[in-house]
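Take a look at the letters that make up each chain.
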Amino acid sequence: MAITESRPVTVVPFDPFELKDVVSGDIRDPYPRMHELRRQSPVHSGPIDLGDGAPPADPHRPPPITVLGFDEVVQVLRDNETYSSGIYEGVIGQVMGRTILQMDEPEHRVARAMVSPSFRSKVLAHWEESLVTVVVNELIDTFIDRGRADLVREVTFNFPAQVIAHILGLPRADYPSFQRWALELTSVTANWERGIAASASLRDYFAGVMAERRVTPGDDLISDLVRVEVDGAMLHDEEIYSFLRLLLPAGVETTYRATGNLLCALLRDRTQFEALFADRSLFPQAFEESLRWEPPVTVILRRATRDAELAGVTVGAGADVALLLGAANRDEGRYVDPDRYDMFRPARQHLGFGFGVHVCLGMHLARMESRIALNTLFDRLGPFALDPAAQAPHIEGLAFRSPLSLPVTFAAG
Ligand code: HEM
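**A closer look at the sheet that holds strand β14 (residues 407-409)**
1) Next: Pairing in this open sheet of 3 strands is antiparallel, and the strands run β4-β14-β11 from one edge to the other. Both edges of this open sheet fall to β4 (148-150) and β11 (385-386), since each of them pairs with a single strand only.

**What to know about the packing of helix α7 (residues 159-167) against helix α8 (residues 175-186)**
1) Next: α8 packs onto α7 with a crossing angle of 115° between their chain directions and a minimal axis gap of 10 Å. Read as a crossing pair, α7 and α8 show a hand that is right-handed. The segment α7 lies against α8, with A161, Q162, I164, A165 and H166 engaging Y175, F178 and Q179.
2) Next: A breakdown of the residues in the contact of α7 with α8 according to their chemical character gives 5 nonpolar, 3 polar and no charged.

**What to know about the pairing of strand β7 (residues 299-304)**
1) Next: Residues I300, R302 and A304 of β7 are buried on one face, while the alternating residues V299, L301 and R303, pointing to the opposite face, are not.
2) Next: Sheet topology note: the β7/strand β10 (residues 320-324) ladder contains 5 bridges and is antiparallel. Looking across to β10, one finds that V299 is bridged to L324.

**A short note on α7**
1) Next: Of all the 9 residues making up α7, 9 are buried; the element is thus mostly covered by neighbouring parts of the structure.
2) Next: Among the residues making up α7, those that are buried are F159, P160, A161, Q162, V163, I164, A165, H166 and I167.
3) Next: Each element contacted by the buried residues of α7 is listed here: α5 (121-141), α6 (151-156), α8, α10 (221-227), α11 (237-267) and α15 (363-381).

**Focus: the sheet that holds strand β1 (residues 43-45)**
1) Next: Taken in spatial order, the 5 strands line up as β1-β2-β10-β7-β3 in an open sheet, and their pairing is mixed. Since the sheet does not close on itself, it has two edges, and those belong to β1 and β3 (83-84), each with one partner.

**Things to note about unusual backbone geometry**
1) Next: Omega for the peptide link from E105 to P106 comes to 0°, which places this bond in the cis form.
2) Next: Not every positive phi belongs to a glycine, and A311 is a case in point at roughly 50°.
3) Next: Turning to its location among the elements, A311 is positioned in the loop between β8 (308-310) and β9 (313-315).
4) Next: Even without glycine at this site, D337 takes up a positive phi of about 50°.
5) Next: Turning to its location among the elements, D337 is positioned in the loop between α14 (325-328) and α15.

**Re the site of the ligand**
1) Next: Around the ligand sit 28 residues, and of these Y88, H108, R302, H358 and C360 come closest.
2) Next: At a separation of 3.0 Å, a nitrogen atom of the ligand approaches a polar backbone atom of A250.
3) Next: One nitrogen or oxygen atom from the side chain of H358 is found 2.6 Å from an oxygen atom belonging to the ligand.
4) Next: Those elements that place two or more of their residues in the shell around the ligand are α4 (107-115), α11, β7 and α15.
5) Next: No other element matches the 7 residues that α11 contributes to the shell around the ligand.
6) Next: Class assignment of the residues belonging to the shell around the ligand gives a composition of 18 nonpolar, 8 polar and 2 charged.

Analysis parameters
- Residues numbered from 1 in each chain as written.
- Predicted model: local features only at pLDDT ≥ 70, side-chain atom pairs only at ≥ 80, totals over all residues.
- Heavy atoms only, no water.
- Pairing = 2+ DSSP bridges.
- Helix = DSSP H or I, 4+ residues; strand = E, 2+ residues; numbered from the N terminus.
- Axes fitted to C-alpha atoms, helices over the stretch in contact; angles between N-to-C directions.
- Left-handed = near helix turned anticlockwise from the far one by under 90°.
- Contact = heavy atoms within 4.5 Å.
- Nonpolar A, V, L, I, M, F, W, Y, C, P; charged D, E, K, R; others polar.
- Buried < 20%, exposed > 50% of the residue type's maximum accessible area, 1.4 Å probe, protein only.
- Near = heavy atom within 4 Å.
- Polar contact = N/O pair within 3.5 Å; in protein donor to acceptor, adjacent residues only side chain to side chain.

The structure is reproduced here in C-alpha cells:
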C-alpha cells in the first residue's frame, strides 16, 4: 500500500511529559543500584527497592523473585514450563484482552503462528520505501525550515503510531483518534478508567474496519488477520481485537523509545555519530548496542508454576518473577565496561527484545523503522547536533526508559 493522499500529516498535539508517571517518575540512572544488587547475587528473593520504593511483602504469597544476571534471565526464559507468562493476565490482559503475550505453550505456539507471517522481514520490506520513509519525511517537512527541532516531540514520538496505522490500513482522517486511543491505552497505569474506555473504543473502531475488510480486502494487516488460516483454524474476532490492541503498547511505545535512546547515545558521542553518519552499514550494530545499553523495556515478568531453584535461591510455586533485562544487558560477567554505549564492541546477544518463545514478534519491524528514521534524518538534516542553547538530554524512567526531549540544531533546509 502506498500513501496516495497528499494531505499533510496532522501531528497530534501532545506533551510527552504527560507520560512521566508511566515512565516511573524521573529516575535517571537505575543502573548503579542494579549493579549493586547483581554483585550481591544474580537472583534475589523478597521485595526489592530499585529507586521507586519496595512493594510491601505479602505474607500470603511466596516471596517475589528478582533476576538480574544475564545467564539466569536466559535460564528462566528457556524454561517456560516452570516460568509462565500467565502473569500478564492481571493488568495487561484486562486492558488488551487475551493475547499471545500471556499465553503458554502449546496455545501460544498456535496463536503466534497465526499472526507471525505478517511480521517476517521479507513481508516488511515493501513497507520500507512506500511507507516508513514517507511518514518520516512528512514529519521532517514540518520543521526543516526552522533549523532546530525536538526530535522526540516532532519525530520519534509520532512516527511509530503512524506506521502501525498505515500497516493496519486505517484511513488518514482517523489518525488523530487512533493515536489518542493508543496513548490512553498505553498509559493505562496512570489512568485506569481512561485506559479501559480507550480499549472499548478501539474494539468498536476495529469491529467496523474488520467488517469492511471482510467485504473489500486490501493489502494491510487487518485484511491478513481476518483471512488467516492455520490447520483449518481461523482467528475469532475477539482474538483479532486483542492482538491489534497489543500492537499499540508492544509496537508503538517501544519503538519510539528505542529510536530516542539510540539518537540520545549518538548525540552525546560525536565520534560515534559521525561514524554512523559516514557509514550507514554500521546501523545494525549501532541499534543493537543501544538496545543492550538502554533497552526501552527494562523488565518483563513471569510466574513460577512450581517450586524451583535459581542460582541457589528458592523460588516458590506461584511466585512473581521479575526479569530485569536492563540489569542482564549490563552484566559485567558478559560485557566489558557495560555502562558505556559502544557500537564497536564485539557483537553478543542482548535481551532487549526478550528471549525464547516470546521473543519480540515485531523486532524486524522495529529495526527497519529505526533504520529508516535515522537515515532519513541524516539525509534531510545533514550532521545535526545537540542544541547548545537547550538543556543536555537524558534518558529517564524505570520500567520504560527513553529521553523526553532531544533538542537539535541543523542547517535549515
Ligand atoms: C525496539 C522496539 C521493541 C522492543 C524493545 C520490544 C521488546 C519486546 C520484548 C522484551 C518482548 C518480550 C516480552 C516477554 O517475553 O514478556 C516483546 C514481545 C512482543 N513484541 Fe516487541 N518490542 C519492540 C517492538 C515491537 C514492534 C514494532 C511490535 C509490533 C508491531 C512488537 C510486538 C511484540 C509482540 C506481539 C510481542 C509478544 C510476543 C509473544 O508473546 O510471543 N514489538 N517485545
